[in-house]
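Spelled out, the chains give:
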Amino acid sequence: MWCFTDALTPAQLRELAQHTERLGYGALWYVEAFGYESFSLGSFLLNQTETLIIAAGIANIYARDATTMKQGQHSLAKFSGGRFLLGIGASHKPLVEDVRGHHYGRPIATMHAYLDAMEKATAIAPALEDPPPMVLAALGPKMTELATARTAGALSYNVTPQHTAWAREIIGPDKWLCVEQKVLLVNDPTKARELARQAMAVYIPLPNYRNNWLRLGFSEADLANGGSDRFLDAMVVWGDESAIQQRIQEHLDAGASHVCIQPLNPDGHPMPDLNALAAFAS
């Protein structure tokens, strides 16, 4: 299960985490965007749950140096008995330069250097019997190859089953391929696409996503004016439970080892749709 957490109160976060755990989900993924800091939120969610994996998707490498990232990963893994999963990523130029005031380096070279620095920092991070797993946010081929070579696998966001199949070819049979999919239990096409357009508005201007969508065969026209119907239907699967389950299965058939559903609320509320969460729990 995946959630954009910034708009939720601590009480709502507690309710969501505990409800997700009761339903039997394997993991709760959360973002690091404009609000909650990644490791602080991870610690809070771990303390509200007992068995649920809490996964950072993703912790921004520009938000902390590599030593702090490694210390945070080991600390939460140690405190939680291994229930914390770290996903890291290079984020996007506007979020790094305009929001954080850093220079946005070339993503592949920057991530190479960052992973090297994290390896060196292991000696001073809290000791663990087994190294905790980490995944790398990856969309393009070079970052996917880097995820394969240096981490437990890749995390892909705003992608199609076709991208999942392509990524699996690169990453091989053994590494994790964690895929996010937005779902919406709404049958009316007009309402569903309007909600999808609202959900995608924050992502469409970001260059890393745009470049990946163009690689997948979408056109600039598909990305204009809030997104074409074809584009929105690809990013947000809507309809009844059967239609949504079919898309989830398409990702699994294409090679996803883990599908993270993001249940959008039909009322437009930032709290995920608990009905959808229950519908796809099994």
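The rules behind the values
- Residues numbered from 1 in each chain as written.
- Predicted model: local features only at pLDDT ≥ 70, side-chain atom pairs only at ≥ 80, totals over all residues.
- Heavy atoms only, no water.
- Core = buried A, V, L, I, M, F, W, Y, C linked by side-chain atoms within 4.5 Å.
- Buried < 20%, exposed > 50% of the residue type's maximum accessible area, 1.4 Å probe, protein only.
- Contact = heavy atoms within 4.5 Å.
- Phe/Tyr/Trp six-rings, centres within 6.5 Å; stacked < 30°, edge-to-face > 60°.
- Helix = DSSP H or I, 4+ residues; strand = E, 2+ residues; numbered from the N terminus.
- 1 Å grid on protein atoms, 1.4 Å probe; cavity = no way out; pocket = protein on both sides within 12 Å on 5 of 7 lines; lining within 4 Å.
- Points joined across faces, edges and corners; volume = space filled by probe spheres on them.
- Nonpolar A, V, L, I, M, F, W, Y, C, P; charged D, E, K, R; others polar.
- Salt bridge = Lys/Arg side-chain N within 4 Å of Asp/Glu carboxyl O.

## Side note on the nonpolar core
Counting 88 residues, the largest nonpolar core has Trp29, Leu86, Ile88 and Trp213 as its most contacted members. When neighbours within four sequence positions are excluded, Trp213 is seen to be in contact with Asn158, Met200, Tyr203, Ile204, Phe218, Leu223, Phe231 and Met235.

## What to know about the packing of aromatic side chains
Both the distance between ring centres and the angle between the ring planes are used here to describe each pair of aromatic rings. All told, the structure shown has ten aromatic pairs when counted by the stated rule. Ring geometry for Tyr209 versus Trp213: centroids 5.8 Å apart, planes at 20°, classification stacked. Highlighted residues: Tyr209 and Trp213, both in helix α9 (residues 207-215), separated by four residues, approximately one helical turn. Accessibility expressed as a relative area gives 10% for Tyr209, which makes it buried. Ring pairs connect the aromatic residues Trp2, Trp29, Tyr157, Tyr203, Tyr209, Trp213, Phe218 and Phe231, which therefore count as one cluster.

## Remarks on the layout of surface pockets
One number sums up the size of the largest pocket: a volume of about 790 Å³. Lining the largest pocket are 34 residues, and of these Ser91, His92, Leu139, Asn208 and Tyr209 lie nearest its centre. Considering each element in turn, the lining of the largest pocket owes the most residues, five residues, to α9. Within the lining of the largest pocket, the residues separate by chemical class into 23 nonpolar, eight polar and three charged. Lining the second largest pocket are 19 residues; nearest its centre among them are Ala199, Gln262, Leu264, His269 and Pro270. Elements supplying a minimum of two residues to the lining of the second largest pocket: β1 (2-3), α8 (189-200) and β9 (258-263). When residues of the lining of the second largest pocket are assigned to their parent elements, the largest contribution, three residues, is made by α8. When the residues that make up the lining of the second largest pocket are grouped by side-chain class, the tally is 13 nonpolar, five polar and one charged.

## Observations regarding the pattern of salt bridges
Where charged atoms from two side chains of opposite charge come close, those side chains can pair. For the coordinates displayed, the defined rule picks out eleven salt bridges. Between Asp116 and Arg150 there is a salt bridge, with its nearest N and O atoms 2.8 Å apart. Here Asp116 is found in helix α5 (residues 107-121), whereas its partner Arg150 is found in helix α6 (residues 141-150), with 34 residues between them in sequence. Classification of Arg150 by relative accessible area gives partly exposed; the value is 25%. A salt bridge links Asp233 to Arg193, with the shortest nitrogen-to-oxygen separation between them at 2.7 Å. A residue pair is termed long-range when its members are at least 10 positions apart, and Asp233 in helix α11 (residues 229-235) and Arg193 in helix α8 qualify at 40 residues. One salt-bridge network, in which partners are shared between bridges, spans Glu32, Glu37 and Arg64.

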